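The lines below spell out each chain.
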Amino acid sequence: MLQLYAQHITTMNNENITTIHEFDFNLICEFFLHLERQGPGSPEVTRKALSFIDNLTAKSLIADIGCGTGGQTMTLATHAPGNITGFDLFPEFINLFNANAAKLNLQDRVKGVVRSMDDLPFGDEELDLIWSEGAIYNIGFERGLNEWRKFLKTGGYIAVSESSWFTEKRPSEIENYCMPHFPEMDTISNKVAIIEKAGYIPVATFILPVTCWTDHYFTPMIKVQEMFLNQHKGNKAVEKFVELQRYDAEIYRKYNEFYGYVFYIGKKI
């Protein structure tokens, strides 16, 4: 889920666009290890999305792709049966993921693995559920839906949250902010059409509440920002990183009626 932050954290500096990709990913990873969530969301939203899925048993196999440190994965595991494997590229995240699972006595059925989302270790029709909060954009929404579909059993579910436009028209400032680094960003109706085309029945869509961004993401980040600045005094890259985070929060508060995260749940046919 760390990568999801890169999607939003862009800012216009005169003629230049600065992105998170220009920073040291070791520093970025260090920062997000201090946060329960690496992107917008909440336990309530995870449970709501889960409520649309009706095929799970103790023998079910679930993949959480782009799991980060597992904030949403642990919610899944405590509210659904089955065995869950979380995948993320960052070893530090997976180490913490597995430690969190052990703290909750979930280690027997929840495991984190360092792996790319375009190289998953499953055969055809092995999975009952694919989960991905704020991460599918890394492989591409359409590509992910199509490539991951083969891993799902017929009747299996996919549940992903994805940045989406809420309106056909929006102010140029927010369009210029999002589109250069997230060209697949689209309206909800167009995203649903992609789900249908990929061979799923659209089961549900819902917009994540503003509190998923404010209370569960931006607010917890404030203390971590101050701590991080103190730990890395004089580091201009860290100062710019925090500056861009604060700009990200400002832009969201200004334009959240035009865009945000949407949960999409589909059933393989």
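Residue numbering note: each chain is counted from 1, following its sequence as written. In keeping with the predicted nature of the model, local features appear solely for residues at pLDDT of at least 70, side-chain atom pairs appear and are counted solely at 80 or more, and the whole-chain, interface and lining totals rest on all residues. Each side-chain value is worked out from all heavy atoms of the structure, with water and hydrogens disregarded.

Participant: It is not clear to me how the environment of Lys-240 should be interpreted in this structure. Could you clarify?
Facilitator: Here Lys-240 shows up in helix 10 (residues 236-255). Note on classification: 1.4 Å probe, protein chains only; a residue is buried when its accessible area is under 20% of the maximum for its type, exposed when over 50%, partly exposed between these limits. Take Lys-240: its relative accessible area is 25%, and that puts it in the partly exposed class. Sequence-wise, Lys-240 and Phe-93 are 147 residues apart; in three dimensions their C-alpha atoms are separated by 23 Å. Numbering goes from the N terminus for both helices and strands, where a helix is a DSSP run of H or I of at least four residues and a strand is a run of E of at least two.

Participant: Sorry, what's going on with helix 6 (residues 141-149) here?
Facilitator: Note that an α-helix has 3.6 residues per turn; residues three or four places apart therefore point the same way. Within helix 6, burial applies to Phe-141, Gly-144, Leu-145 and Trp-148. For helix 6, the angular spread of buried residues about the axis comes to 100°, placing them on one side. Taken from the helix axis, the directions to the C-beta atoms give the arc we talk about.

Participant: Please explain a nonpolar patch on the surface as it appears in this structure.
Facilitator: Patch membership needs two things, relative accessible area over 30% and no salt bridge, and members are linked within 9 Å if like-charged or within 5 Å if nonpolar (Val, Leu, Ile, Met, Phe, Trp, Tyr). In these tables, accessible area is a Shrake-Rupley quantity obtained with a 1.4 Å probe, and a residue counts as shielded only by the protein chains included in the view. The salt bridge criterion pairs a side-chain nitrogen of Lys or Arg with a carboxyl oxygen of Asp or Glu, the two atoms within 4 Å. On the surface, a nonpolar cluster with roughly 320 Å² of combined accessible area is contributed by Phe-52, Ile-201, Val-203 and Ile-269. Examined against the element boundaries, Val-203 turns out to sit in strand 9 (residues 200-207).

Participant: Explain the packing of aromatic side chains here, please?
Facilitator: Pairs of aromatic rings are described using the distance from one ring centre to the other and the angle between the two planes. Between rings of Phe, Tyr and Trp, where Trp is taken as its six-membered ring, a pair exists when centres lie within 6.5 Å; planes separated by under 30 degrees are stacked, by over 60 edge-to-face, and by other angles tilted. Going through the model one piece at a time under the given rule, you end up with 23 aromatic pairs. Ring centres of Trp-213 and Tyr-261 lie 5.5 Å apart, and the angle between their planes is 45°; on these two criteria the pair is classed as tilted. Note that Trp-213 is positioned in the loop between strand 9 and helix 9 (214-231) and Tyr-261 in strand 10 (residues 259-268), a separation of 48 residues in sequence. Neither residue differs from the other here; Trp-213 and Tyr-261 are each classed as buried. Members of the aromatic cluster, each reached through a chain of ring pairs, are Trp-165, Trp-213, Tyr-217, Phe-218, Tyr-252, Tyr-259 and Tyr-261. To sit over a ring, a charge needs its Lys NZ or Arg CZ within 6 Å of the ring centre and within 35 degrees of the ring normal. For the cation-ring pair, Lys-48 lies above Phe-206, with the distance from its terminal atom to the ring centre recorded as 4.4 Å. Geometry around Phe-141 places Lys-191 over its ring, the cationic atom sitting 4.2 Å from the centre.

Such coordinate-based values are descriptive only and should not be taken to indicate function.
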